[in-house]
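Coordinates in review
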Amino acid sequence: MTRRPRFALIQPVLKNLPVALLMVAAQALTLAPAPALAAAPALRPVSEAESAVLANRVKDEMRHAWQGYKQYAWGHDALKPLSKAPHDWYAQSLMMTPVDALDTLILMGLKEQADEARELIATRLSFDQDMYVQNFEISIRLLGGLLSAYQLSGDARLLAKAQDLGQRLLPVFDSPTGLPYTHVNLRTGKVRGTISNPAETGTLLLEFGMLSRLTGQPVYFEKAKRALVETYRRASALGLVGSTINVENGQWQDPVAHIGGGIDSYYEYLYKCWRLFGDTECKSMWEHSIAGVNQALADNRGGALWYGHADMTSGRRLKTQYGALDAFMPALLAMGGDLPRARALQESGLRMWRLHGIEPESLDYASMKVTSPGYALRPEIVESAYYLHHYTGDWRYRAMGREFFDGFVRHTRSEVGYAALKDVRSKTKEDSMESFVFAETFKYFYLLFAPKEALDFDAVTFNTEAHPLRLPVAPAPAAPAQAAPAAQ
Ligand code: DMJ
């Protein structure tokens, strides 16, 4: 007698069960081991009153970290939170922390701090520096930060700074393919860095596009849009991109596809350039790409959803790796309308967090072992809780946020700020506090707990550094382009 598969025998019963029970049933039927899901403590609802208290706690912690920066690193890129010393990325400071922090300070209503940050930036930040900078980081942190702070404050000096910066960055796009070089000298316009990745080539359009809208000069939008399209044109038939690409010949150097660091925000901007600018070409590039991502990278294991690594052409699974950077994906899925996958993936993120009470940079989700043990104070898992709370109204995401915030404060707070962890297992601290803690981590915690009126989610699109951008009511009048700095 042929045996019917076990699943077929109970299928009629399963059809009528709620989704949560179906997941448990799927878990029981699968052969893959299911690490400790049932043992995890349940989440407890968060009342509106408790949420308001949490929002105030976040604000207090933002104030604490800002005070440390002010006291020990004023005017520099960042504060080293253990040695209480300043840190600069390059020979001259570009004020990463104040620029990244400014819109968060404004949204939190920390007026005094916001005003002092704005004055510092407006009067002392100069981009006329003879040094090579990384186009991607400068664009998402500084260009994005200046534009959103300009929109929130109305201070025209910030838009002037953004335009000066945008102009200095433009030479990166002058490659034979239109894919940007990774570095540019801010004074001379000379470029370097031919090996790039999809995140760096494809995460520029929100910032450059908004600069075009606010200045009336289309050149910024056009160059960044071409870079995004040229990246997409080289995707496989599945819609997947590899890890590294040569910007001069357009050849992939590494064909491994995933949604983590080096690729992540390329997918994010395909959707967001449709959301912000209504660009229909972006919409169709997004639809093709997300279908491939869900087909080849999504991985159901033991009843849990993960996104791993695969060959970009064949879709063959290469690694069962997920981590702190991948954790932006539930936000993107939710925004793209796929709430079932978004919810399921965020549950996996919670499991990752709970392994050690704070998330690691990466883990092997097949064995649930940590593969990269640091925690750089990353915001992505909080960002996803915020988006999911916005789209579902489910208290569950505020409850997750409370657990994340408690762990974040318990394990990373220092006397003068917040410190990254070298190892989430031992909780050993590292002398680093990236500016994205101010731009993103505190902002997403705050917005998750604050009343909706703190920011109209539907009126803005966050760039990948959490800087909210909104289309101006009336487009700026067309203006003649400024001359770019000459390449030498
Ligand atoms: C940020 O600079 C941005 O969110 C970027 O897209 C990826 N990583 C960091 C924060 O983790």
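Residues numbered from 1 in each chain as written. Predicted model: local features only at pLDDT ≥ 70, side-chain atom pairs only at ≥ 80, totals over all residues. Heavy atoms only, no water.

So, the packing of aromatic side chains
- Scanning the model with the defined rule gives 28 aromatic pairs in all.
- Centre to centre, the rings of Trp-306 and Tyr-322 are 5.3 Å apart; their planes meet at 75°, and the pair counts as edge-to-face. Separated by 16 residues along the polypeptide, Trp-306 in strand β11 (residues 304–307) and Tyr-322 in strand β14 (residues 321–323) bring together distant segments of the chain.
- One aromatic cluster is present, built from ring pairs that chain together Trp-66, Tyr-69, Trp-74, Phe-405, Phe-408, Tyr-418, Phe-438, Phe-442 and Phe-445. (Phe/Tyr/Trp six-rings, centres within 6.5 Å; stacked < 30°, edge-to-face > 60°. Helix = DSSP H or I, 4+ residues; strand = E, 2+ residues; numbered from the N terminus.)

With respect to the site of the ligand
- For the ligand, the full set of nearby residues is Ile-140, Arg-141, Leu-325, Arg-378, Pro-379, Glu-380, Phe-436, Glu-440, Thr-464 and Glu-465.
- In this structure, Arg-378 approaches the ligand through a side-chain N or O atom, which is 2.8 Å from an oxygen atom.
- Glu-380 places a side-chain nitrogen or oxygen 2.8 Å from an oxygen atom of the ligand.
- Relative to its unbound accessible surface of 290 Å², the ligand loses 91% to contact with the protein.
- Of all the secondary structure elements, the ones that give two or more residues to the shell around the ligand are α6 (135–153) and α17 (436–449).
- When its residues are assigned to classes, the shell around the ligand shows four nonpolar, one polar and five charged. (Near = heavy atom within 4 Å. Polar contact = N/O pair within 3.5 Å; in protein donor to acceptor, adjacent residues only side chain to side chain. Areas by Shrake-Rupley, 256 points an atom, 1.4 Å probe, with all protein chains shown as cover. Nonpolar A, V, L, I, M, F, W, Y, C, P; charged D, E, K, R; others polar.)

A word on the state of the cysteines
- Following the criterion strictly, the structure yields one disulfide and no others.
- With a sulfur-sulfur separation of 1.7 Å, Cys-273 is cross-linked through a disulfide to Cys-282. The pair Cys-273 / Cys-282 is uniform in exposure class, with both members buried. (Disulfide = S-S within 2.5 Å. Buried < 20%, exposed > 50% of the residue type's maximum accessible area, 1.4 Å probe, protein only.)

Considering unusual backbone geometry
- Here the phi dihedral of Met-95 falls at roughly 55°; this positive angle occurs in a residue that is not glycine.
- Within the fold, Met-95 resides in the loop between β2 (85–87) and α4 (96–107).
- The exposure class assigned to Met-95 is buried, which follows from its relative accessible area of 3%.
- Unusually for a residue other than glycine, Ala-466 sits at a positive phi of about 70°.
- Counting through the fold element by element, Ala-466 comes out in the loop between β19 (461–462) and β20 (468–469).

Here we look at the pattern of salt bridges
- Going through the model one piece at a time under the given rule, you end up with 36 salt bridges.
- The shortest N-O distance in the salt bridge between Arg-341 and Asp-338 comes to 2.7 Å.
- The class for Arg-341 is partly exposed, based on a relative accessible area of 31%.
- Note on Asp-338: relative accessible area 17%, which makes it buried.
- For the salt bridge of Arg-354 with Glu-403, the shortest nitrogen-to-oxygen distance reads 2.7 Å. Taken together, the residues Arg-354 in helix α14 (residues 339–356) and Glu-403 in helix α16 (residues 395–412) connect sequence positions 49 residues apart.
- You can call Glu-403 partly exposed: its relative accessible area is 23%.
- The structure contains a network of salt bridges with shared partners spanning Lys-111, Asp-115, Arg-118, Glu-119, Asp-155 and Arg-157. (Salt bridge = Lys/Arg side-chain N within 4 Å of Asp/Glu carboxyl O.)

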